[in-house]
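Residues per chain, in single letters:
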Amino acid sequence: MFRVVGATGGYGKTVIIRDVSIEVGDGEIVALLGRNGVGKSTLMRFATALIPAVSGHVEISGTRAPDAPAKRARMGLGYVPQGRFVFPRMTVRENIAVAAEANGHDGRKAVAAALSEFAILRPKADDLAGGLSGGQQQILALARALAVEPKVLLLDEPTEGVQPSIIDEMAGILKRINHERGLAILVAEQDLDFCLSIASRAYVMEKGRVRLETDRESLRADKRLQQELLGV
Amino acid sequence: MSLSEKLHRSAGLVFPALATLAALAAAAVIDPYLAYVATSWVIFGLLGLSLDLVWGRGGLLSLGQTAFYGLGGYFGSVVAINMVTLTGNSLIWSLPAGAAFGALSAALLGWIIFFARMGPLQATILSYTFTLLLWSVSQSFSMNVGDAAIGGDNGLSGIPGVVVGFGTAAEALGPTEVFVVAVLIAAAAYFLCSWLMRGTFGRVIDCIRIDAQKTELLGYDVRRYQLANFAVAGAVAGLAGALFGAWANYINPTIFSVQEAMLVPIYVLVGGLGTLAGAFVGAIVIGALSFYLGGGAVGGQTTLILGVVLILLVLFLRNGLLGALDALWRRTLPDHNAAARETGSVAIDPTVLEGILVEATGRAGPAKSLATSDLYKRFGGVIPVDKVTREFNPGRPYSLIGPNGAGKSSYLKACAGIYQPEAGSVLIGGTDVTGAAVVERARQGMGVKNQKPQVFGELTVLDNLWMAAFSRTRDKAAAAAISHKILSMLGMERQAAVQASALSHGQQQWLDIGMVLCLAPRVVLLDEPAAGMTNEETCELSVLVRTLARHATAIVVEHDMEFVRTLEGHVTVLHQGKVFAEGDIAALRGDDRVLDIYLGRREHV
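Per chain, residues are indexed from 1 in the order of the written sequence. The order in which chains are written sets their letters, starting at A; the order in which ligands are written sets their numbers, starting at 1. The predicted nature of this model means local features are confined to residues of pLDDT at least 70 and side-chain atom pairs, given and counted, to a pLDDT of 80 or more, with totals for whole chains, interfaces and linings taken over all residues.

## Quick word on the overall build of chain A
Right, so step 1: To qualify as a helix, a DSSP run of H or I must reach at least 4 residues; to qualify as a strand, a run of E must reach at least 2; elements of each kind are numbered from the N terminus. A count of helical and extended segments in chain A gives nine helices and 10 strands.
Right, so step 2: This radius of gyration counts C-alpha atoms alone. The globule rule is 2.2 Å times how many residues there are, raised to the power 0.38. Taken over C-alpha atoms, the radius of gyration comes to 17 Å for chain A, in line with the 17 Å a tight globule of 232 residues would show.
Right, so step 3: Here the C-alpha coordinates of chain A stretch approximately 45 × 35 × 30 Å along the principal axes.
Right, so step 4: Expressed as a percentage of its 232 residues, the buried residues of chain A come to 50%.
Right, so step 5: For chain A, the proportion of contacts with a sequence separation of at least 24, taken over those separated by at least 6, is 67%. Using C-beta atoms placed from the backbone, we call a residue buried if 20 or more other C-beta atoms fall within 10 Å of its own, exposed if 12 or fewer do, and partly exposed for counts in between. Throughout, a pair of residues is in contact if the C-beta atoms placed from their backbones lie within 7 Å.

## Examining the overall build of chain B
Right, so step 1: Scanning chain B from N- to C-terminus turns up 24 helices and 14 strands.
Right, so step 2: Reported as C-alpha extents along the three principal axes, the dimensions of chain B are approximately 95 × 55 × 50 Å.
Right, so step 3: The buried share among the 605 residues of chain B stands at 50%.
Right, so step 4: For chain B, the share of sequence-separated contacts (at least 6 apart) that also reach a separation of at least 24 residues comes to 75%.

## Concerning the nonpolar core
Right, so step 1: We call a set of buried Ala, Val, Leu, Ile, Met, Phe, Trp, Tyr and Cys residues a nonpolar core when their C-beta atoms link them within 7 Å. Counting 189 residues, the largest nonpolar core has Ile43, Leu46, Val236, Leu239, Ala240, Leu243 and Leu465 of chain B as its most contacted members.
Right, so step 2: In terms of residues, this core owes the most to one element, helix α10 (residues 222-248) of chain B, which gives 16 residues.
Right, so step 3: Sequence-distant contacts of Ala240 of chain B, defined by excluding residues within four places in its chain, comprise Ile43, Leu46, Leu47, Ser50 and Tyr69 of chain B.
Right, so step 4: Membership of the second largest hydrophobic core comes to 73 residues, among which are Ala97, Ala171, Tyr203 and Met205 of chain A.

## Here's the deal with the UniProt feature "domain: ABC transporter" (unreviewed entry) in chain B
Right, so step 1: Summarizing the sequence annotation, UniProt attributes the feature "domain: ABC transporter" (unreviewed entry) to residues 370-601 of chain B in the numbering used throughout.
Right, so step 2: Helix makes up 40% of residues 370-601 of chain B and strand 25%, and the two end C-alpha atoms of the span are 34 Å apart. UniProt positions are given in the numbering used here, feature names are shortened, and annotations may be inferred rather than shown by experiment.

## Let's talk about the sheet that holds strand β3 (residues 29-33) of chain A
Residue and element names in this part refer to chain A.
Right, so step 1: A pair of strands counts as paired when DSSP detects no fewer than two bridges linking them. One open sheet holds the six strands; their spatial order is β6-β7-β8-β3-β9-β10, and the pairing between them is mixed. Two strands bound the open sheet, and with one partner strand each, they are β6 (77-80) and β10 (209-215). For this sheet, the mean angle separating the axes of adjacent strands, direction not counted, is 15°.
Right, so step 2: As defined by bridge partners, β6 adjoins strand β7 (residues 152-156) across four bridges and the pair is classed as parallel. Bridge assignment links Tyr79 to a residue of β7, and that residue is Leu154.
Right, so step 3: Axis lines are fitted to C-alpha atoms, over the contacting stretch for helices. Their N-to-C directions set the angle, which ranges from 0 to 180 degrees. With respect to the sheet, helix α5 (residues 134-147) is in contact with β6 and β7, its orientation differing from that of β6 by roughly 175°.

## What about the UniProt feature "transmembrane region" (unreviewed entry) in chain B?
Residue and element names in this part refer to chain B.
Right, so step 1: The sites that carry the UniProt feature "transmembrane region" (unreviewed entry) are, in the present numbering, residues 37-55, 67-85, 91-114, 121-138, 178-197, 227-247, 267-292 and 304-325.
Right, so step 2: End-to-end, the C-alpha atoms of residues 227-247 are 30 Å apart, and along that stretch the chain is 100% helix and 0% strand.
Right, so step 3: As a span, residues 267-292 carries 77% helix and 0% strand, and end to end its C-alpha atoms are 17 Å apart.

## Considerations on the domain arrangement of chain B
Residues and elements named next belong to chain B.
Right, so step 1: As annotated, the domain borders come from an automatic or database domain assignment. Split by domain assignment, chain B resolves into domain 1 (3-330) and domain 2 (350-599).
Right, so step 2: On a C-alpha basis, the centroid separation for the pair domain 1 and domain 2 is 44 Å.
Right, so step 3: Counting residues per element, the ones that place at least two in the side of domain 1 that touches domain 2 are α8 (200-210) and α9 (212-217).
Right, so step 4: No other element matches α8, which puts five residues into the side of domain 1 that touches domain 2.
Right, so step 5: Here the term charged refers only to Asp, Glu, Lys and Arg, the term nonpolar to Ala, Val, Leu, Ile, Met, Phe, Trp, Tyr, Cys and Pro, and the term polar to all other amino acids, Gly among them. For the side of domain 1 that touches domain 2, a count of residues per class yields six nonpolar, three polar and six charged.

## Section: the packing of helix α3 (residues 32-57) of chain B against helix α7 (residues 175-198) of chain B
Residues and elements named next belong to chain B.
Right, so step 1: The interhelical angle for the contact between α3 and α7, taken along N-to-C directions, is 15°, at an axis separation of 8 Å. Of the possible angle classes, the one that applies to α3 and α7 is roughly parallel. Note on packing geometry: the crossing formed by α3 with α7 is left-handed. Side by side, α3 and α7 meet where Pro32, Ala35, Tyr36, Ala38, Thr39, Val42, Ile43, Gly45, Leu46, Leu49, Leu53 and Arg57 of the first sit next to Pro175, Thr176, Val178, Phe179, Ala182, Val183, Ala186, Ala189, Tyr190, Cys193 and Met197 of the second.
Right, so step 2: Classifying every residue of the contact of α3 with α7 by side-chain character gives 19 nonpolar, three polar and one charged. When describing relative orientation, an angle under 35 degrees is termed roughly parallel and one over 145 degrees roughly antiparallel, while 65 to 115 degrees is termed roughly perpendicular and anything else oblique. The sense of a crossing depends on the near helix, which, turned anticlockwise from the far helix by less than a right angle, makes the crossing left-handed and, turned clockwise, makes it right-handed.

## Quick word on the environment of Gly130 of chain A
Residue and element names in this part refer to chain A.
Right, so step 1: You can see Gly130 is positioned in the loop between α4 (107-117) and α5.
Right, so step 2: Between the C-alpha atoms of Gly130 and Val92, which are 38 residues apart in sequence, the distance is 9.2 Å.
Right, so step 3: In contact with Gly130, other than residues within four places in its own chain, are Pro88 and Arg89.

## Quick notes on the UniProt feature "domain: ABC transporter" (unreviewed entry) in chain A
Right, so step 1: Mapped onto this numbering, the UniProt entry annotates "domain: ABC transporter" (unreviewed entry) at residues 2-232 of chain A.
Right, so step 2: Note that residues 2-232 of chain A is 39% helix and 26% strand, and that its end C-alpha atoms are spaced 28 Å apart.

## With respect to the pairing of strand β2 (residues 14-24) of chain A
Right, so step 1: Note that strand β1 (residues 2-11) of chain A and β2 of chain A share seven bridges and pair antiparallel. The residue bridging Val4 of chain A from the neighbouring strand is Ile22 of chain A, located in β2 of chain A.

## Quick word on the sheet that holds strand β7 (residues 398-401) of chain B
Residues and elements named next belong to chain B.
Right, so step 1: Pairing within the open sheet is mixed, and its six strands lie in the order β10-β11-β12-β7-β13-β14. The open sheet terminates on both sides in strands that have one partner only, identified here as β10 (446-449) and β14 (578-583). With strand direction ignored, the average angle separating the axes of adjacent strands in the sheet is 20°.
Right, so step 2: Here β7 runs beside strand β13 (residues 570-575); their pairing, made up of four bridges, is parallel. Within β13, the residue paired with Ile401 across the bridge is Val573.

## Some thoughts on the interface of chain A and chain B
Right, so step 1: Counting residues at the interface gives 38 residues for chain A and 36 residues for chain B.
Right, so step 2: Elements represented by at least two residues in the side of chain A that touches chain B include exactly β2, α5, α6 (164-181) and α7 (192-198) of chain A.
Right, so step 3: The biggest single contributor to the side of chain A that touches chain B is α6 of chain A, with eight residues.
Right, so step 4: Of the residues contributing to the side of chain A that touches chain B, the split by class is 12 nonpolar, 18 polar and eight charged.

## A closer look at the packing of helix α15 (residues 350-364) of chain B against helix α21 (residues 535-551) of chain B
Residues and elements named next belong to chain B.
Right, so step 1: In the contact formed by α15 and α21, the axes pass within 10 Å of each other and the chain directions differ by 25°. With respect to α21, the element α15 is oriented roughly parallel. The handedness of the crossing between α15 and α21 comes out as right-handed. Within the contact between the two elements, α15 uses Pro350, Leu353, Glu354, Leu357, Val358 and Thr361 and α21 uses Val543, Leu544, Thr547 and His551.

## Things to note about the pairing of strand β2 (residues 148-151) of chain B
Residues and elements named next belong to chain B.
Right, so step 1: The pairing of strand β1 (residues 142-145) with β2 spans four bridges and is classified as antiparallel. Residue Val145 lies in a different strand from β2, and its bridge partner there is Ala148.
Right, so step 2: The loop that links β1 with its antiparallel partner β2 comprises two residues; one of these, Gly146, has a positive phi angle of about 60°.

## A look at the environment of Val448 of chain B
Residue and element names in this part refer to chain B.
Right, so step 1: Looking at the secondary structure, you find Val448 in strand β10.
Right, so step 2: For the pair Val448 and Ala530, spaced 82 residues apart in sequence, the C-alpha separation works out to 15 Å.
Right, so step 3: Setting aside anything within four residues of it in sequence, one finds Val448 in contact with Leu217, Ala416 and Leu525.

## Looking at the confidence of the model for chain B
Right, so step 1: For every residue, the predictor assigns a confidence score, pLDDT, that lies between 0 and 100. Across chain B, the average pLDDT comes to 93, with 99% of residues at 70 or higher.
Right, so step 2: Scoring the predicted complex yields pTM 0.92 and, for the interface, ipTM 0.89.

## A closer look at unusual backbone geometry
Right, so step 1: Phi at Lys207 of chain A is positive, roughly 45°, even though this residue is not glycine.
Right, so step 2: Note that Lys207 of chain A resides in the loop between β9 (201-206) and β10.
Right, so step 3: The phi dihedral of Asn249 of chain B falls on the positive side, at around 60°, and the residue is not glycine.
Right, so step 4: Looking at the element boundaries, Asn249 of chain B is found in the loop between α10 and β4 (250-251).
Right, so step 5: Under the C-beta neighbour-count criterion, Asn249 of chain B is labelled partly exposed, with 15 such atoms within 10 Å.

Below, the structure is given as structure tokens:
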């Protein structure tokens, strides 16, 4: 069980999210929805301790998580930030291996697994990540996060800049890993079709707060809600 | 606005003015020896100011400021030695001569640095090398210029002191009066620089520091602005050098030494990088510390104590003394960035947008076509653009789609001049621009939004738009009118005073698009504008692109097929750097080859 409790935080003096509480059960896929600027990315950065908490805390498997991103990663928290942030001066292979080794896994195996999952990375395995196109970097960022073998994976706009056929494959891979390894996922995404195809439940945010919690079926049926809160 | 907020806004004028008055008042009471020493702190502050212009504001750490300082000092002093007998007054010769020579030598070095488009590290090293070169040359450089004898490592002596009176009876001032004169000159230089950096020039310099590529894409000739800023800073350094010569009556090659060169960045860091006034604070604090510690009170451990103080300052006050004070003060002020949460929704008004575009036609001429012929770009073994020949005309939008890594962004960048192609040509409106710089293409009417949103994070939302509008109109009032129109279209009226860095990713995306609209371009290149947007926003974007396309040539790279469909334009599929297929989106959706390499068959979604 992954929980964020009473999250309040932002940048400098500016508070962006206020008293946000969410939870993602073991092996569950949950969507984090809302218009641009409502605080989805800020909540993700709170969850990974990349911004300091004004108040609130995070629990991973019932344990209160320490305030350091690296320690949270070691507790099994994976993260694909918006804007990719691959290591540009490392090759694709090294990007994946370093993430695996830093968390005590075999880098070689992780690279082999990633290259078999993501065919598009295979011809690029020995190229510098900085030379990849935007969409390829996005896929690498996902592969790198999976190499940490997380229990909970946070995805911030994972389909941005990715071609339609690979978005489709991505959905398939995430569903399979979720099924096989019981990986829990929290995904923030504007592509509602992608979200609804993998998530069973969703939180909808508005102006820095969670406005409501809903399941896939009611969300799909409620066109007014889609219009009002999501701008669909 | 509260009094505190108003005061904070004009702090760069009010406090330096008060400090100047305080220094003048202090001159009446302090003893002449202290006044003599304090004069050197003021001169070093002036030297620090010159570095802060190029480093704190311009973003280039120059270790060449002492070179311009020394050159200005030598040159100004040589002129003064020869001319002082004519007028009696020494400063009217040494100060302008020093400043002019400082500016000239800075312009020469700056020309090499900026026009060769050197990276920041190379530029720092080159400026340092320049200083060391002068240090070594000046050791053995002997020359008699009229009455002045430059004698290698013996230096140049007999420099007239500070004489402000005219005629043969005029005499050099005493230490206290010299202090007063130095304070007045430094204050004049400071207020002049501060005025310059508060205006449009300073704002462009700030933009260059934050994102030089975006500044150039907006149509500002980055290299000229950098060169001008460097020359101004050189003039300030030369002025300080000439003043130093008059104060010490003697200059020798140690002025070009490593120790001197390294002290200047320390003054700036201690006072507060980018604050301009901080350079004086730093020079005075360090000068005063060494002065009082040098009294022997603590067993002559001046260097040690000074070193520890510096380490503590750098560790705990990252933004220097003034930066720390500013941060403390800001805590008590209302937070404009809080409005970032309150964005309204984007509503593109085609009539307003059309008005701007039609008005632009009057100034910049009608829409232009964009054409490439056999355009070819390679990076090592990768060929992202492989002999692409295409012509794009105004009327209907063009979409470029294709697999990740197909070369779509690279193609746009080669058209924009960000990448220099190895072969082939690019034509805007029939004019060959293949070898032209980005800024030249921007002036031809090209507007570009790159894949990652590029906004000037430290500037407010409104200022970001204004910078774009001003680049095109060169008219402050017109720029303000246009930027307000675009601001309201973006639904960001309440965020006008928010810093762009406080916006979310999607909002930055819109702001970047808004900047392109302010340019009212004749050719528009948009790389993944719909990424991260809600469906509602994507609809607005579609209206926007279709409106643009009626008045300009519009090319969009996108993966959002629903968006591409609503554009109702021409679609080109790129694959491995080449044109793979083209037509309308319905036909391409039925093309098995396109489904295989790109669209997929939606088995999971």
